[in-house]
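Examination of the molecular architecture
Below are the chains, spelled out letter by letter.
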Amino acid sequence: MEKRRALDAAHRPRAGVPRRAAGPLTRDARAGEDPAIPLRRPATRSLAALLALAASACSRGPAPGADAGAAPAGSAGAPIGSAGAPVDPPAPPGAAPVRAPVREGGALARAAREDALYVADEDHGVVRVVPLPLDPARPGAGVPAPGRPAQVLALGGREARVLATVRDPGLLLIFRPDASAGLVEVGRVPLPADAWGIAVTPDEKTAFVTSAWTHKVSAVDLEAGRARWTVDVAREPRGVAVLPDGSAAYVSHLVGADLTRIDDLGGAPRVRRVALPASPLRAPSGERLAASLGYALALSEDGRRLFAARHALGAMGHAAWFGAATVDVLLTGRDEPLAPPHHGNLPVLRSAFAEQVITPESVITLPGASVTPVTQPRAAVYRKRARTLLVAGEGDDLVLEVDATAVDPTLAIVKSYPVGGRYDPHIRVAGACGAPTGLALSADEATAWVFCRSTGDVAALRLHDPAAGAVAGAAAEGPAALVHLADDPLGPEVAKGRRLFYNALDGTVSGNLGCAGCHPDGRDDGYVWREATFSTADGEHANFVGRPENIPEVAKRKGFPRRTPMLAGNVGAAGPYGWHGESEDLVGRLQTGMGLHRWGGLPIDHTQAGLAARATYLAMFLRRGLVTPPRGEGAPDERAKRGREIFHSDEAKCSRCHVPASDYTDRTAYPMPKRPPLPGYDEDPRPEYKTPSLRFVGGRPPYLHDGRAGTLAELIEQNADWMGKTSHLSPEDRAALVAFLETL
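Below you will find a few notes about this structure. (Residues numbered from 1 in each chain as written. Predicted model: local features only at pLDDT ≥ 70, side-chain atom pairs only at ≥ 80, totals over all residues. Heavy atoms only, no water.)

The secondary structure content of the protein amounts to ten helices and 35 strands. Among the 744 residues that make up the protein, the fraction classed as buried is 59%. At a minimum sequence separation of 6, the contacts of the protein that also span at least 24 residues come to 61%. (Helix = DSSP H or I, 4+ residues; strand = E, 2+ residues; numbered from the N terminus. Buried < 20%, exposed > 50% of the residue type's maximum accessible area, 1.4 Å probe, protein only. Contact = heavy atoms within 4.5 Å.)

Written out as structure tokens, the structure is:
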């Protein structure tokens, strides 16, 4: 199924029409009110209202100034990298310090003096220094890291320090550029395991780091080289952004739609959740959609708008079985979403602004369109010169530029930049610039650099010129320059599996969503999908969908619950696989999944040999390329030891099915006592369920095939001898059993 992309020409005014004309939903700025917030009027399904809201809700004003200088952290250490990257030394004493290009980290960062790019190359375990301008003959140097680096951030100031997070062990590394070594480590700060996202305050003196698996956020004093505080947050925190005045930080999550806000950053931090429903304009009437893939956050220049690029699970659209990519906008002045909730059967409003910009020739993209404009959002940067947002699509090898002043930026596409190339003639995966993962802008914002993870490349893109309405410089289809950094560390066969894992373009593997779309990092999206059989244009098939509204109404089905399983560390066994143990082995399960994860049936020209080949490559990558989450360190405490005794006891019977010697599962499907289905799901006629592995179970809620238990404590409390025997346990013993499970 080929994706269609439509330019929302109606959103951009014709010549002579002010781009940001005030519509009828504007309000005067009053004390304490954000003029970017539209009036609370009934939501409308018309494009006219969408345009009016976009016109009245612009971010205005320059970003507050801040001192970009900062003192060096720690004392200089010995070089830890290899020579080969010509990087300028720190600025001389008389030179003026330069600001950090951005204050949010990513897999790719530009040096403040624009002489190099820095790459967090997780798969090779190095931080790369790539000279600018890009030259295929100068791929630069790789500086070995003590673990897999997740993000980098280049600071300003005279030292031009470079920060990098390391996942396991959890660390924040502080480097300074060096002409011979590329980077020299000058500081190392221990952090909770799985350190991932990074952002800094405007004065560049404090860094905030998210730790994904351990669900923590830490503040690091960069001058003292130590962590000041660490707080617990919701599951899988990833992106982080700090307001321009340094008053608060926002955190996105790989699982769930809510954001986390942290206030009082310089004292005793206060943590609260902020609701930001995913893609409200594409949601079923009156519903709030869940989200996944919340890797990235970006702020407008004035900090009034926070952009969350992610995936809206169950977003509506023709054949949109998996939902759609979205950029959701939060108004930070009141912590309210910009887009109103979708309610059907309301009066249609048409603004004066809409009358000006809509013409008979306008090409209009509505929420009912059939496609997502980009697949698997992975990185985002704000382009202040154009008031646009660039979003990297990991799944479809492109960078999407959208209007950042729109209510729903993904309905206001400015331009698409394809980056992938050299596609395999048999399996549609890119041989060059596949799975774009990191973005960085040049100082003049005419060029974007892209790091492509699955092929190990960095590319340069000439961007649309907002003044001329054309690509800056010579027109180019695809990258203007490309540097290959390194071949896959696990060889060509695993490399093909890696590319298939991220890729959403191969029509045989899936219907426009890559494996990484539901299994980010090989983990899971925390979502309960629906498996339903219904008729489409090519016959009756069993497919997965995000919500019951995604199923054709005539089918009169809601679907059976199918909780996304975690893959990393849980696919080493021969088999069987599937919630019912219906697939004999992993390759067979992958082939079955290729039929389920789509709208309708497999492509007409698919072959069994083609299915088997793809599944074999994928299985190799899943077993060799995915990295398991970090395990807790230290001996279990007394409560966990008591929980272990209960787990192995004849009374509880947990270990009879969850066999420790085989990853805490016997891989057998057992008929289970029937329970009423949860609202929104059909009753599954198959009562038998395979014993799931308990490896890493503490970090992957919700639990059971239908996700009915939100926590392990809830699972044990509600078990009622459904699995094993737990009703006899005291509250203290139940807590002890949970403590043991969290160590697995």
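This is not the end of the story, as more comes after the structure.
This brings us to the pattern of salt bridges. Per the stated rule, a full pass over the model turns up 44 salt bridges. Measuring nitrogen to oxygen at the nearest pair gives 2.9 Å for the salt bridge that ties Arg188 to Glu185. The residue Asp488 makes a salt bridge to Arg498 at a minimum N-O spacing of 2.5 Å. With Asp488 in the loop between strand S30 (481–484) and helix H3 (492–502) and Arg498 in helix H3, the pair connects residues that are ten residues apart, well separated along the chain. (Salt bridge = Lys/Arg side-chain N within 4 Å of Asp/Glu carboxyl O.)

The contact between helix H7 (residues 638–648) and helix H10 (residues 731–741) brings their axes to 7 Å, and the two run at 95°. Between H7 and H10, the crossing angle belongs to the class labelled roughly perpendicular. Along its contact with H7, which presents Arg639, Ala640, Arg642, Gly643, Arg644, Ile646 and Phe647, the element H10 presents Asp733, Ala735, Ala736, Leu737, Ala739, Phe740 and Leu741. A breakdown of the residues in the contact of H7 with H10 according to their chemical character gives nine nonpolar, one polar and four charged. (Axes fitted to C-alpha atoms, helices over the stretch in contact; angles between N-to-C directions. Parallel < 35°, antiparallel > 145°, perpendicular 65-115°, else oblique. Nonpolar A, V, L, I, M, F, W, Y, C, P; charged D, E, K, R; others polar.)

Ranked by size, the top nonpolar core spans 27 residues in total, and within it Phe501, Leu590, Leu618, Leu622 and Leu626 carry the most contacts. Where this core is concerned, the elements lending two or more residues are H3, helix H4 (515–518), helix H5 (586–596) and helix H6 (608–624). Sort the elements by how many residues they give to this core and H6 lands first, with six residues. Structurally, this core is a two-domain feature, drawing no fewer than three residues from each of domain 2 (277–343 + 369–486) and domain 3 (495–623). Apart from the residues within four sequence positions on either side, Leu618 is in contact with Gly497, Leu500, Phe501, Val509, Cys515, Leu590 and Met594. (Core = buried A, V, L, I, M, F, W, Y, C linked by side-chain atoms within 4.5 Å. Domains from an automatic or database assignment.)

Moving on, we come to the side chain of Arg498. Look at Arg498 and you get buried, because its relative accessible area is 3%. The residues touching Arg498, leaving out its near neighbours within four places in the chain, are Asp123, Ser454, Asp488, Pro489, Leu490 and Phe621.

Taken together, the three strands give an open sheet; going across it, the order is S32-S31-S33, and neighbouring strands pair in antiparallel fashion. Each edge of the sheet is formed by a strand with only one pairing partner; in this case those strands are strand S32 (539–545) and strand S33 (560–563). Each adjacent strand pair in this sheet contributes to an overall mean axis angle of 30°, direction not counted. Sheet analysis places strand S31 (residues 528–536) next to S33, joined by four bridges and oriented antiparallel. Following the sheet pairing, Val528 is matched in S33 by Arg563. (Pairing = 2+ DSSP bridges.)

In this section: the packing of H5 against H6. Packing of H5 against H6 brings their axes to within 8 Å, and their N-to-C directions diverge by 120°. As the angle between them shows, H5 and H6 are arranged oblique. The two elements H5 and H6 cross, and the hand of that crossing is right-handed. Contact residues: Leu586, Val587, Leu590, Gln591 and Met594 in H5; Gln608, Leu611, Ala612, Arg614, Ala615, Thr616, Leu618, Ala619, Leu622 and Arg623 in H6. For the contact of H5 with H6, the per-class residue count stands at ten nonpolar, three polar and two charged. (Left-handed = near helix turned anticlockwise from the far one by under 90°.)

All right, on to the sheet that holds strand S5 (residues 149–154) then. Strand pairs in the sheet, formed through backbone hydrogen bonds, run parallel or antiparallel to each other. In spatial order, the strands read S5-S6-S7-S8; together these four strands make up an open sheet with antiparallel pairing. Unpaired on one side and paired on the other, S5 and strand S8 (182–190) mark the two borders of the sheet. The mean inter-strand angle of the sheet, taken between neighbouring strand axes irrespective of direction, is 25°.

Take the environment of Val509 next. Looking at where Val509 falls in the secondary structure, it is placed in the loop between H3 and H4. Each C-alpha atom, one on Val509 and one on His597, is 8.2 Å from the other, the two residues being 88 residues apart in sequence. Residues within four places of Val509 in sequence aside, it is in contact with Leu500, Met594, Arg598, Arg614 and Leu618.

So, on to empty space enclosed by the protein. Tallying each qualifying case throughout the model produces six cavities of 30 Å³ or more. Taken as a whole, the largest cavity encloses approximately 230 Å³ of empty space. In this structure, the largest cavity is lined by 20 residues; those nearest its centre are Arg675, Glu683, Asp684, Tyr689 and His705. Taken together, the residues that form the lining of the largest cavity break down as eleven nonpolar, one polar and eight charged. (1 Å grid on protein atoms, 1.4 Å probe; cavity = no way out; pocket = protein on both sides within 12 Å on 5 of 7 lines; lining within 4 Å. Points joined across faces, edges and corners; volume = space filled by probe spheres on them.)

Glancing now at the pairing of strand S16 (residues 270–274). Alignment of strand S15 (residues 259–263) against S16, held across five bridges, turns out to be antiparallel. The residue bridging Arg261 from the neighbouring strand is Arg272, located in S16. The loop that links S15 with its antiparallel partner S16 comprises six residues; one of these, Asp264, has a positive phi angle of about 55°.

Attention now moves to the packing of aromatic side chains. According to the stated counting rule, one finds twelve aromatic pairs in the structure shown. Aromatic side chains Phe647 and Tyr664 sit 5.8 Å apart centroid to centroid with 65° between the ring planes, which places their arrangement in the edge-to-face category. Taken as a pair, Phe647 in helix H7 and Tyr664 in the loop between helix H8 (654–657) and strand S34 (669–671) lie far apart in primary sequence, 17 residues in all. Tyr664 sits in the buried class, given a relative accessible area of 17%. Members of the aromatic cluster, each reached through a chain of ring pairs, are Trp321, Phe322, Tyr527 and Trp529. The aromatic ring of Tyr295 is capped on one face by Arg378, whose charged end is 3.9 Å from the ring centroid. In this arrangement the basic side chain of Arg675 is found over the ring face of Trp722, its NZ or CZ atom lying 4.1 Å from the centre. (Phe/Tyr/Trp six-rings, centres within 6.5 Å; stacked < 30°, edge-to-face > 60°. Lys NZ or Arg CZ within 6 Å of the ring centre and 35° of its normal.)

On to H5, then. For H5, the tally of buried residues reaches eight of eleven residues, placing the bulk of the element in the interior. Residues of H5 that are buried include every one of Leu586, Arg589, Leu590, Gln591, Gly593, Met594, Gly595 and Leu596, and no others.

Here the focus is the state of the cysteines. Applying the stated criterion across every chain, the model contains one disulfide. Note on cysteine connectivity: Cys433 is disulfide-linked to Cys452, with sulfurs 2.1 Å apart. Disulfide Cys433 to Cys452: torsion about the S-S bond roughly 50°, handedness right-handed. Of this pair, Cys433 sits in the loop between strand S24 (413–418) and strand S25 (436–441) while Cys452 is found in strand S26 (residues 447–452), placing the two residues 19 residues apart along the sequence. Since its relative accessible area comes to 0%, Cys433 is described here as buried. Residue classification places Cys452 among the buried positions, given a relative accessible area of 0%. (Disulfide = S-S within 2.5 Å.)

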